[in-house]
Each structure stands twice: as C-alpha cells, then as structure tokens.
Amino acid sequence: MGSKEYQARQFNLSNLKGISDETLEMHFKLYEGYVKETNKLNEKIAEFIKDAKVDQDEFAEYSELSRRLGFEYNGMVLHEYYFDNLKTGGGTGDPTTSSTFRKAAEQSFNSYEIWKADFVGIGKMRGVGWAICYENPSNGALSNHWISLHETGNVAGFNPVLVMDVWEHAYILDYKPADRPKYIEAFFSNIDWAEVERRLQKQKAQPKAA
Ligand SMILES: [Fe+2]
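Attention here is on the structure that accompanies the text. Remember, it's a predicted structure, so these values are computed and weren't measured experimentally.

**Notes on the environment of Glu32**
- Secondary-structure assignment places Glu32 in helix α1 (residues 21–49).
- For the pair Glu32 and Glu64, spaced 32 residues apart in sequence, the C-alpha separation works out to 22 Å.

As structure tokens, this is what we get:
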C-alpha cells in the first residue's frame, strides 16, 4: 500500500577495461541492497502514517527512518545512473570533437580538458562519495559536484549527466585504495558517451522558457 515498490534493474554490463566482472557482480548486489532498503523504509514509514497522523511516541523512530530515505534513495538512483553510463565491452575514451557533450563542456569550462581536470579532481577527493557532472536545465550549463555518501551535495532539479562512483567498493577488488586515480582512468575508458548525450538531449527536448 502507499508508496511505490521499486524493482532492482538488471544491467547488461561486463568486460569493462580495468574494472573486473567480479567488481561489477559485487556492485550489482550492493545496488540491489539499496533498492531493498528503499522499499523497506517506504513500507515502514507508510505504517507510521496510515492513520494520517504521527504520534508523539512514534516520532523518534519515524524521524530516523525519514532521515535515511535520502541515503537509500540516492544510493539506488545514483547506481542506476552509474551503471547506465558505462559501456559493456569498454568505451572509446574521450568524446569526439563534434559531440554535444564536448560542446556543452566547452561552453561551461572553456575547454573539455578543463572540464575533465575538474571532474577527475573531484573524483580524487578524500572520502567516500560520487563525482557528478550536472546540467542546469534552465540554461544548459554543466557543473561538477562532489557528493558525500549518496545524498549530500546533490543539486535539486539539476540533471545528472555523468555519474562516477568513488566509494572504495567501486574499485577495491581491482586497485589499492591509494590507486583511485587508476580506477578513474579506467572509468573514463568505459564511458558510454551515447548515454551521456541522451541525457543532455532529453533536457533539450523539453526546453524551459528563458
Ligand atoms: Fe557503489
């Protein structure tokens, strides 16, 4: 009853460059855990509110469950973006010079190289989280952001265009913790730029009034 139940998606993803199938299998399982926890939280919260009020003696537990929603929802959704922007069999490296993404990066950062230095720099930041390139849907500008855990730093209403997981579980079977830069390099060699472009173009298909 109440909230929608989420189903874990299946991803056709293997044979990446520098990211093993073993890592991916483990990562898919972790993702399924976020889907399960999201459903569980929604179910428990629905129990609390089914009489259309939150009783005072329920408030502490209700609050704790509600606080965890941001963590579990973003853990679920960001992993879907992440797996979707990787290309099974490996990618072709940087986007072509005529690509829409490269043009958007040039408009916002003057050059693709500057955009990339920023995105990679954020990916190397200490701590567990995500590097995300967002598009501002109101003006098409790209900006790169550090997300702590799964939920702190996401920009409301912005469109995630390229999503990179930099929790250690994303690479620890393949690289030492200190070798995160090698994982980031591997990530770039597997990006599905066609998917990234679809995300940009989805926004362009629904222009907002200037
Ligand atoms: Fe992850």
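**What about the coordination of the iron ion?**
- At this site the iron ion is bound by His27 (NE2), His79 (NE2), Asp165 (OD) and His169 (NE2), with donor distances of 1.9 to 2.1 Å.
- In this structure, the iron ion is surrounded by 4 donor atoms whose angles at the metal cover 88 to 137 degrees, and the resulting shape is irregular.
- Look at where the donors of the iron ion fall in the sequence and you get H-x51-H-x85-D-x3-H. With His27 in helix α1 and His169 in the loop between β3 (159–165) and α5 (180–189), this pair connects stretches of sequence that are 142 residues apart. A single burial state applies to His27 and to His169, both of which are buried.

**Notes on the packing of helix α3 (residues 100–109) against helix α4 (residues 112–123)**
- At a closest axis distance of 7 Å, the pairing of α3 and α4 adopts a crossing angle of 85 degrees. Between α3 and α4, the angle is such that the two are roughly perpendicular. Counting all contacts with α3, which are made through Phe101, Arg102, Ala105, Glu106 and Phe109, the residues of α4 involved are Tyr112, Glu113, Ile114, Trp115 and Asp118.
- The residue inventory of the contact of α3 with α4, partitioned by class, reads 6 nonpolar, no polar and 4 charged.

**Considering unusual backbone geometry**
- Although it is not a glycine, Asn15 sits at a positive phi angle of roughly 55 degrees.
- Looking at where Asn15 falls in the secondary structure, it is placed in the segment before α1.
- In this structure Asn15 comes out as exposed when scored by relative accessible area, which is 54%.
- For Ala52, which is not glycine, the phi torsion reads 65 degrees and is therefore positive.
- Along the chain, Ala52 falls in the loop between α1 and α2 (59–84).

**With respect to the pattern of salt bridges**
- Tallied over the entire structure, the rule returns 11 salt bridges.
- As a salt-bridge pair, Arg102 and Glu113 come within 3.9 Å of each other at their nearest N and O atoms. Here Glu113 lies in helix α4 and Arg102 lies in helix α3, a separation of 11 residues in the sequence.
- Among the residues examined, Arg102 registers a relative accessible area of 11% and is labelled buried.
- Each of Glu37, Lys40 and Arg68 takes part in salt bridges that share partners, so that together they form one network.

**What to know about the nonpolar core**
- One finds Tyr82, Phe101, Trp115, Tyr183, Phe187 and Phe188 to be the most contacted residues of the largest nonpolar core, which totals 49 residues.
- When neighbours within four sequence positions are excluded, Phe188 is seen to be in contact with Gly93, Asp94, Tyr112, Trp115, Lys116, Phe119, Val120 and Trp193.

**Quick word on the sheet that holds strand β2 (residues 142–148)**
- The strand order β2-β1-β3 describes an open sheet built from 3 strands, whose pairing is antiparallel. A strand with exactly one partner marks an edge of an open sheet, and here the two such strands are β2 and β3. The mean inter-strand angle of the sheet, taken between neighbouring strand axes irrespective of direction, is 25 degrees.
- Sheet topology note: the strand β1 (residues 129–135)/β3 ladder contains 6 bridges and is antiparallel. Each residue of the ladder has a partner; that of Trp130, found in β3, is Asp165.

Rules used in this analysis
Residues numbered from 1 in each chain as written. Predicted model: local features only at pLDDT ≥ 70, side-chain atom pairs only at ≥ 80, totals over all residues. Heavy atoms only, no water. Helix = DSSP H or I, 4+ residues; strand = E, 2+ residues; numbered from the N terminus. Donors = N, O, S within 2.8 Å, 3.2 Å for Na, K, Ca; no water. Tetrahedral: all angles 85-135°; square planar, octahedral: opposite > 155°, others 65-115°. Buried < 20%, exposed > 50% of the residue type's maximum accessible area, 1.4 Å probe, protein only. Axes fitted to C-alpha atoms, helices over the stretch in contact; angles between N-to-C directions. Parallel < 35°, antiparallel > 145°, perpendicular 65-115°, else oblique. Contact = heavy atoms within 4.5 Å. Nonpolar A, V, L, I, M, F, W, Y, C, P; charged D, E, K, R; others polar. Salt bridge = Lys/Arg side-chain N within 4 Å of Asp/Glu carboxyl O. Core = buried A, V, L, I, M, F, W, Y, C linked by side-chain atoms within 4.5 Å. Pairing = 2+ DSSP bridges.

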